[in-house]
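# Observations on the model geometry
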Amino acid sequence: MTIEEILAGESKNVEFKENLPERSIKYMKSVVAFANGTGGKIIFGIVDKTREVIGFDKEDVFKKMDAIANAVTDSCEPAIIPDITLQTVDGKTVIVAEISEGRQRPYYIKALGRDGGVYVRVAGTTRLADEYMIKELMFEGSNRYFDQALCTGLTISDEDIDALCKAMKEQAVKNAHNEEQKASIKDVGRQQLRSWGVLIERDGKDYPSNAYAILTGCGGLHVAIQCGVFKGTTKEVFVDRREYTGPLWEQIDEAFQFVLRNIHLGATIVGIYRQDVYEIPPDAIRELIINAVVHRSYLDHGTIQVAVYDNRLEITSPGKLPMGQTVERMKEGYSKIRNEALAHAFSYMNLIEHWGSGIPRIIEKVKKAGLREPEFIGGEVDLRINIYRGQINDNSDRNSGLNDLNSAEKLPDSTLKVPNSAAEVPDNGEIMPDRTEKVPDSTMKMPDSEQEQIIYKYVLENESITTKKVIELLNVKQRRSRAILQSMIEKGWLKKTGAARSTVYVKNTEGR
């Protein structure tokens, strides 16, 4: 990118200085931050706020170049070697100091020491690194993985190790794509766990690594997935919230089921059969959650957040992108493993396939479903991925004949929105419902109200419904649930049987 292009647009990794500051520390913080990140440029001779090109006299420019080179060499630890060049912009000479991505992290200002002199880039600004970020940089600089480090304070028995091996084998079988793959799965043993870094052998005894603690949900690390449903497009109004802990594979499945319960479920008619279709491809949802779990930073004490809004599904993974990784490279399929032991374990359990293929595959599935391409935000402190609800075209191969899952008016009469009931969502951990069911009467009329449709569908499938079940399905208060049921009685959809606690509502067969 040329300076003219930089001036015409924006770049998070470029800073402008009108002149060479008398105190080099004013720009040395950015030099260190660029080396600790993905690199960057400091351009001297351009006003920061106005982008006016001032330039330097030819008599002074070489002295200033030497001063910049000496300041960087003398002020930074480990040594940083900038690439300093002259460029002409609007007929004026400016100095460009380019700092490459460093490999000996963390870089810091000598005078401030490692505790107070480590800086990083966040959203186009230079900031002092916090304790978590410094540790992250140290692991990167030493080419080590946090998940393969010894988990201090956690003791395990032979029975604990055997239980983990058994559970991983069960998951591998459960997640196998076919009988041939299932038959090829071998038992996982201690030696395998050691080679992955899940166990650490010392003096003939096995000790747990951080990966062991993370996988099993044991130890002092708080590893969880927080899930929430929000009304509207912001976090102002909570509708529902959950936090899932325990073994990672259980967290993934519970978060996945949570999302399915809270997005729309439509259907398309193929011949005389109905095929269920979620508005967001379930396998894309599951892969996004798995990707967040295996690639997040476990040095960061935050949690993965899965949020369902009226217009999107949002998944946020704690921690900056690993050294050498960018959003652009990630979308192209480039994989940079942050947690090597977890990646090996997830691969064995058939939770991930070829490393690096997950994000391109997710993008393809989402676009094929007629949705806009997923949005990737951040990467410097955390990574957020948004999948927007609602199709942008009517030519989806996957949802042929189904124009808009968010519009009840455009759906066939036999198509309903998914109830907020765990009982009506597949609980077998499969990526997507793989079933068809006969439509009893494709011309059958349904109530106009979405809430009434949900109740009526439940009654058709379960013969009756209670007030308590309506409260659970619709997430409404008791008074509102009774009002909806009474309205359906008056309209002739339901009739009331029983009394007191035995009261249930059934289909009104008279005139319907």
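Right, let's walk through the structure included here. Model, not experiment: these values are computed from the prediction.

## Focus on the sheet that holds strand β2 (residues 40–44)
Spatially, 4 strands are ordered β1-β2-β5-β4 in an open sheet, and the strand pairing comes out mixed. Where the open sheet ends on each side, the last strands, each with one partner, are β1 (14–17) and β4 (83–89). On average, each strand axis in the sheet is tilted by 25° relative to the strand beside it, whichever way the strands run. Bridging between β2 and strand β5 (residues 92–99) involves 5 bridges; their strand directions are antiparallel. By the bridge assignment for β5, F44 is matched with I95.

## Some points on the packing of helix α11 (residues 282–295) against helix α13 (residues 340–348)
In the contact formed by α11 and α13, the axes pass within 9 Å of each other and the chain directions differ by 145°. Of the residues in α13, those touching α11 at I290, V293 and V294 are L342, A343 and F346. In terms of residue class, the contact of α11 with α13 is built from 6 nonpolar, no polar and no charged.

## Quick notes on the packing of aromatic side chains
All told, the structure shown has 6 aromatic pairs when counted by the stated rule. Ring centres of Y27 and F44 lie 5.3 Å apart, and the angle between their planes is 85°; on these two criteria the pair is classed as edge-to-face. Placement of the pair is Y27 in helix α2 (residues 25–36) and F44 in strand β2, with a sequence separation of 17 residues. Comparing Y27 with F44 shows no difference in burial state: the two are buried. Centre to centre, the rings of Y456 and W493 are 5.1 Å apart; their planes meet at 65°, and the pair counts as edge-to-face. Of the two residues, Y456 is situated in helix α15 (residues 450–462) and W493 in the loop between α17 (478–490) and β21 (494–497); the sequence distance between them amounts to 37 residues. What makes W493 buried here is its relative accessible area of 8%. The structure contains a cluster of three or more aromatic residues connected by ring pairs, namely F230, F238 and Y309. Over the face of the ring belonging to F139 we find R144, whose NZ or CZ atom lies 4.5 Å from the ring centre. Note that R372 overlies the ring of Y388, its terminal NZ or CZ placed 4.0 Å from the centroid.

## Some details on the pairing of strand β11 (residues 225–230)
Summarising burial for β11: 5 of the 6 residues are buried, a large majority. Pairing of β11 with strand β12 (residues 238–244), which is carried by 6 bridges, proceeds in the antiparallel orientation. Following the sheet pairing, C227 is matched in β12 by R242. Across 5 bridges, β11 lies against strand β15 (residues 304–308) in parallel orientation. When the sheet's bridge partners are listed, I225 is paired in β15 with I304.

## Considerations on the pattern of salt bridges
In total, this model carries 27 salt bridges according to the counting rule given. Among the ionic pairs, D240 bridges to R242, the shortest N-O distance being 2.5 Å. D240 gets classed as partly exposed once you look at its relative accessible area, which sits at 22%. When its relative accessible area of 41% is taken as the criterion, R242 is described as partly exposed. E461 is the salt-bridge partner of K457, the closest N and O atoms lying 2.6 Å from each other. On the criterion of helical spacing, the pair formed by K457 and E461 is a turn pair, its members being 4 residues apart in helix α15. Taking the relative accessible area as the measure of exposure, K457 reaches 13% and is therefore buried. By relative accessible area, which is 43% here, E461 ends up partly exposed.

Calculation criteria
Residues numbered from 1 in each chain as written. Predicted model: local features only at pLDDT ≥ 70, side-chain atom pairs only at ≥ 80, totals over all residues. Heavy atoms only, no water. Pairing = 2+ DSSP bridges. Helix = DSSP H or I, 4+ residues; strand = E, 2+ residues; numbered from the N terminus. Axes fitted to C-alpha atoms, helices over the stretch in contact; angles between N-to-C directions. Contact = heavy atoms within 4.5 Å. Nonpolar A, V, L, I, M, F, W, Y, C, P; charged D, E, K, R; others polar. Phe/Tyr/Trp six-rings, centres within 6.5 Å; stacked < 30°, edge-to-face > 60°. Buried < 20%, exposed > 50% of the residue type's maximum accessible area, 1.4 Å probe, protein only. Lys NZ or Arg CZ within 6 Å of the ring centre and 35° of its normal. Salt bridge = Lys/Arg side-chain N within 4 Å of Asp/Glu carboxyl O.

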